[in-house]
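# Structural features, examined
If you want the building blocks of each chain, they are given just below.
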Amino acid sequence: MALAKAVGARVHRREDPRLVTGRGRFVDDHSVNGLHHAMFVRSPYAHAVVERIDTSAAESMPGVVAVFTRTDFEQVINSPLHVNGANILTQNPEQFPIAGDEVLFQGEAIAVVVADTRYRAADAAEAVKIDYEPLPAVIDVREAAGSSSNTAHKNLSSNVAWDERFVGGDIAAAFSEADIKLTQRITQQRVCPVSLETRAIIADYAAFDNHLTIWASCQAPHFIRRWVADRLGMPESRVRVISNDVGGGFGAKIRPYPEDFLVAAASKLLGRPIKWVESRSESFMATTHGRGEEFDIEVAAKHDGTLLGLRVLQIQDLGAYVGFLQTGQTVAVQLATGCYRWRAIEGRSIGVLTNKTSTDPYRGAGRPEAAHLAERAIDLVAGAIGMDPAEIRRRNFITEFPHTNLLGMTFDSGDYGQALDRALELIDYPRWREKQAALRAVGRHIGIGLASYVEVCGFGPSKETAAALGVGLVESAQVRVNPRGDVAVYTGAHAQGQGHETSFSQLVADKLGVPIDAIDVRHGDTNEGAAFGLGTYGSRSLAVGGIAILRCCDKIVEKGKTLAANLLEASQEDIAFDDGRFYVRGSRGHSRTLADVAVAAYGLGWVDGSQEHGLEAVTYFDPAGTTFPFGSHACVVEVDIETGSVKVLHYAAVDDCGTVVNPMIVDGQIQGGITQGLAQALLEEVVYDQDGGQLKSGTLADYLMPTANETLNYDLDRTVTPTPLNELGAKGAGEAGTIGSSAAVINAICDALAPFGISHVDMPASPDRIWSLLRAELAK
Ligand code: MCN
């Protein structure tokens, strides 16, 4: 049966009526009998020795049932947290979920107060007295990478956690042929994921039967079950993690966090259910940050625009501990060649520990950085040789697929030129160029920025991800046709806003010929269904989890044919399935519905004794390769050279994620992603005090999130280049918007500022940064 009906339709999101009417099931909406509340006492210092903790005053406060510190937790948590198991790590300091005698970042938990109300717990947390001896804080990542730096951990001799080199092609030869050589330092500032729903957890330990139930706001419930069970010494079958609706994650809710272990352990210690909901200021300090990298690039090219060689140095600020999946950030180097043919690349990635909050994936995770490098590099070359940025891209695009880039990444399919042409058409590129020239003549500064990107997503394949991330990323699904013919789908993916309940239903509707309303997509509960989930991130849910669902449906159809053969008294080879009916080939009228077969399958009707009963299937899908979505974004800005402020005038994006299941959902994903990239380009930055390591952007008044005022309507279109790596032809879409957008905005700003001799602006391109650059140039 061809996938042609529900797939591709703009089906309205089934989850929205519940969410927009306030019926979402978030952790803080949930309560349990006898619920108590946890509050964390966190370090005000970035680096210090903890000399003494006095919990006595807090313990005697009204409503307080316990104040726990490291020694209490050591009774129930048997070893440090799971740490990243990637093979590039040369050192990987252990992290116990709660600090002992050394705190390593501002916000690290030192004590946990449990009380009968959240407010009493908060009051008592303030009464915990802690004496600290401050230590030098390691904040500047470039300094931290040097051999003479203080160390972020007392007992380490260096801050370097990995130092990995990458070589593709003959870099010396590529540079020796160059007509022009350019260098550029590029910062990817730290950003904060800022989900609308902060992290939250309820843990309810029942001592009688040694069962632990956890409600968590997370992206991968099975990860929490796996590691919490392990560290608490419990069988996984006795730990149930439920994650219903999740109000955003953006990569920061993939990992199991210290609080997950501590709240579970506190519940075990006290035999009471305990809830913790992160406050916004805690979230700024204790939820992982994204990006946080310094790059140096060197580019070699010819006068005719031919790209030759690229050298890339990445210095990744890891914060106090190596993030759960943060070794994956080296992809920023591995993909820095972008959509282009180069002769050679030489890369080096250094992961460096500092006394800050750990960094971990944030939407795009390494690929926006790679695109930023490639797109800045090509614009720098275009500027130096005086070539149109569209033209230089066209001259260097990879045009044959599959294409293995110089560092071994195999791009499955693509048509980069088509996406660029469409983006130029959408913004009416020639008209903006004319307008730019006319306005420059009267002192107004318009800039047009292009960014053609390619990214990697749809992780597995398990073998590759196990080496790079320490987690072998397959995805599983279970599909069950119930006796009435309705379908329950259990997926190991777990949406935080991506609309899986809708798009996954569309897949099943076409495959099994069942109306969408008869399909229930279930996710986020480790006790439901047989699937073991690896979660939602890396734009993997459709291209991996969705394919597992499709393959379950295939198995069901095959099984159904054997059952239908009995019911129709025909041989199995003669049975066909189409549009929800099994029929004898050549005799469509001689048929049984999926429900007829399901009734028989469950023993509620008749089925030949030679058949195993039931109409369900479980599948684990391990893709043969990753998929490489791509696209071109075009942005038009006006820079006010008196104030340095930037106004985005027009933004067009053409993205290609292969076959699209739900165009409306994909558009929404792209819009959200562009807004995040635009916000990184112009507004957002996590700022630490350079001496003491105090977080200076710890509230929403200091950390500039975009509102509707800072965004605009984007012109969206897409091309469709299916991947050969899965039967649907689908690639990922969940991060695509972030990948090209920061580069498009910065390229536009640099284009506007080119007449002033400014060729690069770092992010965020705030008014004061641009104003200072202009003043410096004008003073020359
Ligand atoms: N889709 C489709 N056709 C395609 C590709 C995707 O119809 N060819 C649909 C999918 O079926 C799904 C949605 O688009 O409904 C996104 O799918 P996919 O690209 O597989 O990405 P994931 O579902 O794995 O989502 C992860 C991705 C990531 S990595 C981050 S970070 C992110 C994002 O999605 N965080 C989000 N989007 C977010 N959206 C919201 N609202 N909140 C977040 O925290």
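Placed above this text is the structure.
The following paragraphs examine the structure supplied in this document. (Residues numbered from 1 in each chain as written. Predicted model: local features only at pLDDT ≥ 70, side-chain atom pairs only at ≥ 80, totals over all residues. Heavy atoms only, no water.)

Glancing now at unusual backbone geometry. The step from Phe-401 to Pro-402 runs through a cis peptide bond, and the omega angle for that step is -5°. Mapped onto the fold, Pro-402 is located in the loop between helix 12 (389–396) and strand 16 (403–404). Geometrically, the link from Gly-460 to Pro-461 is a cis peptide bond, its omega value of -5° lying close to zero. Along the polypeptide, Pro-461 turns up in the loop between strand 18 (445–454) and helix 15 (462–469). In this structure, Arg-291 is a non-glycine residue whose phi angle is positive, near 55°. Here Arg-291 lies in strand 13 (residues 290–301). The class for Arg-291 is buried, based on a relative accessible area of 3%. Positive phi is not limited to glycine here, since Asp-579 has a value of about 50°. With respect to the helices, strands and loops of the structure, Asp-579 is situated in the loop between strand 22 (575–578) and strand 23 (581–584). (Helix = DSSP H or I, 4+ residues; strand = E, 2+ residues; numbered from the N terminus. Buried < 20%, exposed > 50% of the residue type's maximum accessible area, 1.4 Å probe, protein only.)

Neighbouring residues of the ligand: 32 residues in total, closest Gln-498, His-500, Ser-503, Gln-669 and Ala-733. Note that an oxygen atom of the ligand is positioned 2.6 Å from one of the backbone N or O atoms of Gln-498. Isolated, the ligand exposes 830 Å² of accessible area, and the fraction of that covered by the protein chains is 95%. Per-element tally for the shell around the ligand: the top contributor is helix 19 (residues 663–682), with three residues. Grouping the constituent residues of the shell around the ligand by class yields 10 nonpolar, 18 polar and four charged. Looking at the shell around the ligand, you find at least three residues from each of domain 1 (16–20 + 460–621) and domain 3 (290–457 + 627–778). (Near = heavy atom within 4 Å. Polar contact = N/O pair within 3.5 Å; in protein donor to acceptor, adjacent residues only side chain to side chain. Areas by Shrake-Rupley, 256 points an atom, 1.4 Å probe, with all protein chains shown as cover. Nonpolar A, V, L, I, M, F, W, Y, C, P; charged D, E, K, R; others polar. Domains from an automatic or database assignment.)

To continue, consider the side chain of Glu-735. Here Glu-735 is to be found in the loop between strand 28 (715–718) and helix 20 (736–753). Discounting residues that sit within four places of it in the chain, Glu-735 has contacts with Arg-363, Gly-364, Ala-365, Arg-367, Glu-455, Cys-457, Gly-538 and Ser-539. (Contact = heavy atoms within 4.5 Å.)

The subject of this paragraph is the side chain of Glu-294. Summarising the element assignment, Glu-294 is placed in strand 13. There is a polar contact of 3.5 Å between the side chain of Glu-294 and the side chain of Arg-142. Setting aside its immediate chain neighbours within four residues, Glu-294 contacts Val-141, Arg-142, Ile-186, Thr-187, Leu-313, Gln-314 and Ile-315.

With their axes 9 Å apart at the nearest point, helix 11 (residues 367–385) and helix 12 run at an angle of 115° to one another. The hand of the helix 11/helix 12 crossing is right-handed. In this structure, helix 11 uses Glu-375, Ile-378, Asp-379, Val-381, Ala-382 and Ile-385 to contact helix 12, whose residues at the interface are Pro-389, Ile-392 and Arg-393. For the contact of helix 11 with helix 12, the residue count by class is six nonpolar, no polar and three charged. (Axes fitted to C-alpha atoms, helices over the stretch in contact; angles between N-to-C directions. Left-handed = near helix turned anticlockwise from the far one by under 90°.)

This next bit is on the environment of Ile-345. With respect to the element layout, Ile-345 can be found in strand 15 (residues 344–353). For Ile-345, a relative accessible area of 0% corresponds to the buried category. Distance from Ile-345 to Ile-171, taken between C-alpha atoms, is 6.1 Å for residues 174 residues apart in sequence. In this view, Ile-345 contacts Phe-166, Val-167, Gly-168, Ile-171, Leu-310, Val-333, Ala-336, Thr-337, Leu-406 and Leu-407; residues no more than four positions away in its chain are not counted.

The final tally for this structure, using the stated rule, is eight cavities of 30 Å³ or more. Here the largest cavity is characterised by a volume of approximately 150 Å³. Residues belonging to the lining of the largest cavity are distributed by class as follows: seven nonpolar, five polar and four charged. For the second largest cavity, the calculated volume is near 100 Å³. Around the second largest cavity, the lining comprises 15 residues; the ones closest to its centre are His-222, Thr-491, His-523, Gly-524 and Asp-525. (1 Å grid on protein atoms, 1.4 Å probe; cavity = no way out; pocket = protein on both sides within 12 Å on 5 of 7 lines; lining within 4 Å. Points joined across faces, edges and corners; volume = space filled by probe spheres on them.)

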